[in-house]
Amino acid sequence: MSMRQLFLQNVAQTSDFPLMIEVEKAEGVYMYGTQGERYLDLISGIGVSNVGHRHPRVLAAIHEQLEKYMHLMVYGEFVQAPQARLAQALTETLPKRLDNVYFLNSGTEAVEGALKLAKRYTGRTELVSCRNAYHGSTQGALSVNGSEGFKNAFRPLLPDVRHIRYNHLPDLQDITTRTAAVIVETVQGEAGVRVSENNYLQHLRQRCTEVGALLILDEIQCGFGRTGTFWAFEQFGIEPDILLCAKGMGGGMPIGAFIAPQEIMAAFKTDPILGHCTTFGGHPVSCAASLATLQTIQEENLLEGVAEKAALFRELLVHPRIKEIRNCGLMMAAEFESFEVLKAVIDRAILNGVLTDWFLFCDNSMRIAPPLVITAEEIREACAVILRSIEEATQD
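It should be emphasised that the depicted structure is a prediction, and the values quoted were computed from it without experimental measurement.

**Q** Teacher, can you tell me more about the sheet that holds strand S9 (residues 242–245) here?
**A** By way of backbone hydrogen bonds, the strands of a sheet pair with one another, either parallel or antiparallel. Spatial strand order, S4-S10-S9-S8-S7-S5-S6: 7 strands in an open sheet with mixed pairing. Strand pairing shows two members of the sheet lacking a second neighbour, strand S4 (100–104) and strand S6 (161–164), which therefore form its edges. Here the average twist between neighbouring strands, direction ignored, is 20°. Bridge count between S4 and strand S10 (residues 256–260): 5 bridges; the pairing is antiparallel. Along S10, the bridge assignment pairs Phe 103 with Ala 257. This element, helix H5 (residues 107–122), spans S4, strand S5 (126–130), strand S7 (179–185), strand S8 (214–218), S9 and S10 of the sheet and lies at about 175° to S8.

Right, dumping it as structure tokens:
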């Protein structure tokens, strides 16, 4: 049987129309098929490959750690240098009070841990999130997602969850002294790249402080340099009580984390002991890869080129079929008139060698989130293919 047949027969499917691209190798901004096909990756594995596929520094860190040890013990019991060094490096990028890191395997696990921590620390039960928010697919994370269409088939979910509108200031009054935490994406991703307006995030921070609710900022998709600063919240003059990260932090390896002040994180130590636990969280190989990723972003000055590269995309992607381009750094959305038009363009672009995607809650907008290492020449190549694909897909 071919790999495609084995995939369809034995690998669990999540839709009736998987892309079915069979990749043999990936490097930099390109993926290569088994028949010599080459695809320029404009979505970075959905925000994962911020430093590109198989970055040499990440590979070297993985190999070095493999020579020492892999899994040793459940999380939090042994002193493991990869965890300690990564935690130190992360906290050095953050405001002083965010000094304690809990490592996990993914973004949705970071959400789950943060929600538990907020309820345990505050003694409150209500959770507030935004409509059209995406925070993951496990049951707690799904409960604070903002799309009913993705949730209804799995109810009952967590009780005492309230949804407000992102960028709608009057809704902030729904945050009260009953609220344990507000969880919000600093930049909304699956809603189609929606950025704070009218000082919304500053007002949200103020309201949380007024009522004693914790502010959880979800930077699982927009963190680790994606927006042009290491953390997106740096652009809005606020600080969270709990910060979430994953995706781009691993350089392609699975890892996530929630970060909070030591005073808040200490709530997991007692009543009960082991208030949150994980077997594979903080895996030493993933932590080594993450530290190499962080150092690569800093030492190769990848943040400095983000704004200029985003501007080049905006300059080149001009076409009557493109209604609007929204972005925060290299987290971009190009809006088309409908999903049907966009899907035809995406399919044609894949045939022409460029991989793009749409957003779960904004299916008429094209996702553009390339590795931060993409060059101006590669941007020009990608945009030329997209424009040609629009013409080919929309011919009458």
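Past the structure itself, the notes keep going.
**Q** Any chance you could explain the sheet that holds strand S12 (residues 331–335) here in plain terms?
**A** Pairing within the open sheet is antiparallel, and its 4 strands lie in the order S11-S12-S15-S14. Of all strands in the sheet, those bounded by a partner on one side alone are strand S11 (324–328) and strand S14 (357–359). Here the average twist between neighbouring strands, direction ignored, is 35°. Taken together, the 5 bridges between S11 and S12 define a ladder with antiparallel strand orientation. Counted as the bridge partner of Asn 327 is Met 332 from S12. The sheet contacts of helix H11 (residues 306–316) involve S11, S12 and strand S15 (362–368), and relative to S11 the element is tilted by about 175°.

**Q** Before we go on, may I ask you to explain the side chain of Thr 186 in this structure?
**A** Topologically, Thr 186 is positioned in the loop between S7 and helix H8 (200–211). Overall, the relative accessible area of 0% leaves Thr 186 in the buried class. A polar atom in the side chain of Thr 186 sits 2.9 Å from the side chain of Glu 219. Aside from chain neighbours lying at most four places away, what touches Thr 186 is Tyr 166, Leu 201, Leu 217, Asp 218, Glu 219, Cys 222, Ala 232, Phe 233 and Phe 236.

**Q** Looking at this model, I keep getting lost on the environment of Asp 99. Mind explaining?
**A** Along the chain, the position of Asp 99 falls in the loop between helix H4 (81–91) and S4. A residue is classified by how much of its surface remains accessible, and Asp 99, at 36% relative accessible area, is partly exposed. Here the alpha-carbon distance between Asp 99 and Gln 262, two residues 163 residues apart in the chain, equals 6.2 Å. Non-local contacts of Asp 99, meaning those with residues more than four positions away in its chain, are made with Thr 91, Ala 260, Pro 261 and Gln 262. Here the side chain of Asp 99 touches Gln 262 through a polar contact of 2.8 Å, landing on its backbone nitrogen.

**Q** Explain empty space enclosed by the protein to me, please; I cannot follow it from the model alone.
**A** Following the criterion strictly, the structure yields 1 cavity of 30 Å³ or more and no others. One number sums up the size of the largest cavity: a volume of about 40 Å³.

**Q** Would you mind going over H11 with me for this structure?
**A** Those residues of H11 lying buried are Val 306, Lys 309, Ala 310, Leu 312 and Phe 313. Take H11 and look down its axis: the buried residues cluster within an arc of 155°, on one side only. Projecting away from the buried face of H11 at angles above 90 degrees are the exposed residues Ala 307, Glu 308 and Glu 315. Contacts from the buried residues of H11 go to S11, S12, S15 and helix H13 (376–393).

**Q** For this particular structure, what's the right way to read the packing of H11 against H13?
**A** The relative placement of two packed helices comes down to the angle between their axes together with the axis-to-axis distance. Packing of H11 against H13 brings their axes to within 10 Å, and their N-to-C directions diverge by 30°. As judged from the angle between their axes, H11 and H13 are roughly parallel. Here H11 and H13 pass one another in a crossing that is right-handed. On the side of H11, the interface is formed by Lys 309, Leu 312, Phe 313 and Leu 316, while H13 contributes Ala 376, Ile 379, Arg 380, Cys 383 and Leu 387. For the contact of H11 with H13, a count of residues per class yields 7 nonpolar, no polar and 2 charged.

**Q** Just checking my understanding: could you explain the layout of surface pockets for this structure?
**A** One water molecule sets the probe size; rolling that probe over the atoms shows where empty space is left. Its volume calculated, the second largest pocket comes out at about 660 Å³. In terms of lining residues, the second largest pocket is bounded by 27 residues, among which Tyr 75, Gly 76, Asn 100, Val 101 and Tyr 102 are the most central. Secondary-structure elements contributing two or more residues to the lining of the second largest pocket are H4, S4 and helix H9 (262–265). Residues of the lining of the second largest pocket, tallied by class, amount to 14 nonpolar, 10 polar and 3 charged.

Criteria and cut-off values
- Residues numbered from 1 in each chain as written.
- Predicted model: local features only at pLDDT ≥ 70, side-chain atom pairs only at ≥ 80, totals over all residues.
- Heavy atoms only, no water.
- Pairing = 2+ DSSP bridges.
- Helix = DSSP H or I, 4+ residues; strand = E, 2+ residues; numbered from the N terminus.
- Axes fitted to C-alpha atoms, helices over the stretch in contact; angles between N-to-C directions.
- Contact = heavy atoms within 4.5 Å.
- Buried < 20%, exposed > 50% of the residue type's maximum accessible area, 1.4 Å probe, protein only.
- Polar contact = N/O pair within 3.5 Å; in protein donor to acceptor, adjacent residues only side chain to side chain.
- 1 Å grid on protein atoms, 1.4 Å probe; cavity = no way out; pocket = protein on both sides within 12 Å on 5 of 7 lines; lining within 4 Å.
- Points joined across faces, edges and corners; volume = space filled by probe spheres on them.
- Arc of directions from axis to C-beta.
- Parallel < 35°, antiparallel > 145°, perpendicular 65-115°, else oblique.
- Left-handed = near helix turned anticlockwise from the far one by under 90°.
- Nonpolar A, V, L, I, M, F, W, Y, C, P; charged D, E, K, R; others polar.

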